[in-house]
Structure formats: structure tokens, C-alpha cells
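# Observations on the model geometry
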Amino acid sequence: VTDTLYDYKLVLNDWKEYYERAGEDSYYGNRIEPTKKRALHTFKKLESKNKAIINHMAKEFEMRQTALASKHAFTGKTGKLDMNRLAKYQIVEDVFKRVTYLPDGKNHGVNIMLDWSGSICNEVQDLLEQTFILTMFCRKVNIPHRVYLFSDNITKKAPTDEDRGYWRNREGFLIELFSNEMSAKEYKEMMIYASTLWNNYFIDNIRYGGGRHFQKKLID
């Protein structure tokens with residue numbers, strides 16, 4: 001798996017290098033800060049828009065988790081004497097304290113695989129928004145999770161001219177967009193970068209006549 005995994009740290013580094021290179025360009029340099037501000041604005045808007053949904057999902061999950069734990073609860077001995085029972089040792093065989101155990105181990109996780117092919121371009125905004133909702137939910141209730149894109153348009157090594165000219169020479173990678181191993185800072189950075197993509201597709205849809213299907217107020 002590691003041979004085909006492009007982990008989230010590499011993705012974050014690519015974004016940072018992209019912004020640094022763009023900042024050095026005389027044409028794009030003055031657009032970097034406004035682009036970042038719009039991305040942050042979009043991230044906050046999407047977070048606010050879906051907050052009630054995420055909270056509802058978390059509440060439902062915790063209720064089901066509590067119900068499941070109660071269903072699998074069991075009573076066992078503690079190894080400590082129950083002084084009330086000890087006084088009745090002649091008629092009571094079990095003189096040890098008992099306690100109810102609730103299982104607290106986790107046996108679940110979420111792996112999300114996103115289609116990142118060119119044919120999905122008109123659905124990218126919805127795809128990213130649903131991804132944001134799921135990752136926010138998983139982080140809120142502490143569920144292990146991973147989000148992957150699959151693409152043959154990325155590589156860990158410098159491509160040759162032959163690679164560029166012949167698509168069959170490209171490598172296929174799972175690009176890790178989000179992970180529960182991310183720090184809070186890394187998660188926010190990735191959300192802003194992903195929101196940059198959201199904005200880009202939003203603008204493209206307006207440019208090519210599809211903007212009426214989306215909520216324009218989100219980036220007003």
C-alpha cells in the first residue's frame with residue numbers, strides 16, 4: 001500500500017510549494033492572499049452551513065453507540081469482598097462484589113474513496129462538501145478515518161518526456177486528502193486548500209453556465 005500511497009503530508013507540502021512558486025510570479029503574486037482569504041471564507045461558510053447536520057449525525061451516533069454498549073454489557077466479579085454478602089457467607093456462596101462492565105473498545109473506522117477523474121468535474125463541489133461533512137463528523141466523534149482520491153496524474157518522481165507524452169507510463173496513486181492522524185493545524189490547512197478547489201470549480205461552473213445550480217451566496 002505504501003508504494004501507491006501519496007500521503008497527506010506530501011499533499012500539504014505540494015500546496016505550500018505551489019503557493020510559494022505562484023507568489024514569486026509577478027502576475028499571480030498579488031492574487032495569492034485574496035485566494036487564501038476566499039478559501040478560508042468558503043471553509044467557514046461550509047462549516048457553518050453543515051454544523052446542524054454534523055451535530056445531528058454525532059448525536060445519533062452517540063445514542064446508537066450507548067445503546068449498543070448497554071446491549072453488550074455484562075456483570076462480573078471485582079475480586080473485592082462485598083461486606084454485606086460476607087455477613088451471609090453461610091447461606092450465600094458468592095461473597096464478592098459485582099460490577100457491570102460496558103465495552104468501550106472501538107471496532108469501526110471510515111475509509112472514503114473519491115473519484116477524481118475528469119468526467120466527475122461537474123460533481124466536484126458536492127463531492128468535496130460531502131467529504132467535509134464526513135471528516136468533520138468523524139473528528140467530532142473520534143472515529144478513525146481516511147479520505148483518498150485516486151489518480152494517475154501524480155507521481156513521486158520527476159516524470160520523463162516519455163512519461164508526459166504517453167499516458168500508459170503514468171503511475172497510479174491513492175492521494176490521501178484527510179486522515180485522523182492529522183493535527184488540528186494540518187486539518188485546517190487541508191480544509192482551506194480543499195476549499196480553494198471548491199472555489200475554483202464554483203467559478204468554472206459560473207463561467208460555463210452551470211452556476212445557477214449552486215448556492216452563490218456561499219462565496220459572496
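Residues numbered from 1 in each chain as written. Predicted model: local features only at pLDDT ≥ 70, side-chain atom pairs only at ≥ 80, totals over all residues. Heavy atoms only, no water.

Okay, the overall build of the protein next. Helices and strands together make up the secondary structure of the protein, namely seven helices and six strands. In the protein, the succession of α and β elements from N to C terminus is β-α-α-α-β-α-β-β-α-β-α-β-α. With 220 residues in all, the protein has 33% of them scored as buried. Pairs at least 24 residues apart make up 69% of the contacts formed inside the protein by residues separated by at least 6 positions. For the protein, the computed accessible surface area is about 15,000 Å², with 52% contributed by carbon and sulfur atoms. (Helix = DSSP H or I, 4+ residues; strand = E, 2+ residues; numbered from the N terminus. Buried < 20%, exposed > 50% of the residue type's maximum accessible area, 1.4 Å probe, protein only. Contact = heavy atoms within 4.5 Å. Areas by Shrake-Rupley, 256 points an atom, 1.4 Å probe, with all protein chains shown as cover.)

Here we come to the sheet that holds strand E1 (residues 5–6). As summarised here, the arrangement of the four strands in space is E1-E6-E5-E4, forming an open sheet in which the pairing is mixed. Sheet topology places E1 and strand E4 (110–115) at the edges, where each strand pairs with a single neighbour. Note: E1 against strand E6 (residues 173–179), two bridges, orientation parallel. Bridge assignment links Tyr6 to a residue of E6, and that residue is Ile175. (Pairing = 2+ DSSP bridges.)

Okay, the packing of helix H2 (residues 32–49) against helix H5 (residues 124–141) next. A packed helix pair is summarised by two numbers, namely the angle formed by the two axes and the spacing between the axes. One way to put it is that H2 packs onto H5 with a least axis distance of 10 Å and a crossing angle of 65°. Comparing their axes, H5 and H2 come out roughly perpendicular. The element H2 and its partner H5 pack so that their crossing is right-handed. Across from Phe43, Leu46, Glu47 and Lys49 in H2, the residues of H5 making contact are Glu129, Phe132 and Met136. (Axes fitted to C-alpha atoms, helices over the stretch in contact; angles between N-to-C directions. Parallel < 35°, antiparallel > 145°, perpendicular 65-115°, else oblique. Left-handed = near helix turned anticlockwise from the far one by under 90°.)

Moving on, we come to unusual backbone geometry. For residues besides glycine, phi is generally negative; the peptide bonds are generally trans as well. Positioned with a positive phi, Asn142 is a non-glycine residue whose angle comes to about 65°. Mapped onto the elements of the fold, Asn142 is located in the loop between H5 and strand E5 (145–151). For Asn142, a relative accessible area of 55% gives the class exposed.

Summed over the entire model, instances satisfying the criterion amount to eight aromatic pairs. Both rings, one in Trp15 and one in Tyr18, keep their centres 6.0 Å apart while their planes meet at 90°; by these two values the pair is edge-to-face. Of this pair, Trp15 and Tyr18 both sit in helix H1 (residues 8–24), three residues apart, which is roughly one turn of that helix. Residue classification places Tyr18 among the partly exposed positions, given a relative accessible area of 45%. Taken together, a centroid distance of 5.4 Å and an interplanar angle of 15° make the contact between Trp198 and Phe202 stacked. Of this pair, Trp198 and Phe202 both sit in helix H7 (residues 184–207), four residues apart, roughly one helical turn. For the pair Trp198 and Phe202, one class covers both residues: buried. Ring pairing ties together the aromatic residues Trp15, Tyr18, Tyr19 and Tyr193, which thus form one cluster. We note Arg139 situated over the ring of Tyr187; from NZ or CZ to the ring centre the distance is 4.2 Å. (Phe/Tyr/Trp six-rings, centres within 6.5 Å; stacked < 30°, edge-to-face > 60°. Lys NZ or Arg CZ within 6 Å of the ring centre and 35° of its normal.)

All right, on to the side chain of Glu176 then. Position of Glu176 relative to the elements: it lies in strand E6. At 3.3 Å, the side chain of Glu176 forms a polar contact with the side chain of Arg146. Excluding anything up to four places from it in sequence, Glu176 contacts Leu5, Tyr6, Asp7, Tyr8, Val11, Arg146, Val147, Tyr148 and Met190. (Polar contact = N/O pair within 3.5 Å; in protein donor to acceptor, adjacent residues only side chain to side chain.)

Relative to E5, E4 runs parallel, the two sharing six bridges. Of the residues in E5, the one forming a bridge with Asn111 is Arg146. In this fold, the crossover linking E4 to E5 by way of H5 has right-handed handedness. (Right-handed = clockwise from strand over helix to strand, strands pointing away.)

What follows concerns H2. Between its first and last C-alpha atoms H2 spans 26 Å; for 18 residues at 1.5 Å apiece the expected length is 26 Å, and the two agree. Buried residues of H2: Ile32, Ala39, Thr42, Phe43 and Leu46, and no others. Relative to the axis of H2, the buried residues are bounded by an arc of 100° and lie together on one face. Exposed residues lying more than 90 degrees from the buried face of H2 are Lys37 and Ser48. (Expected span 1.5 Å × (residues − 1). Arc of directions from axis to C-beta.)

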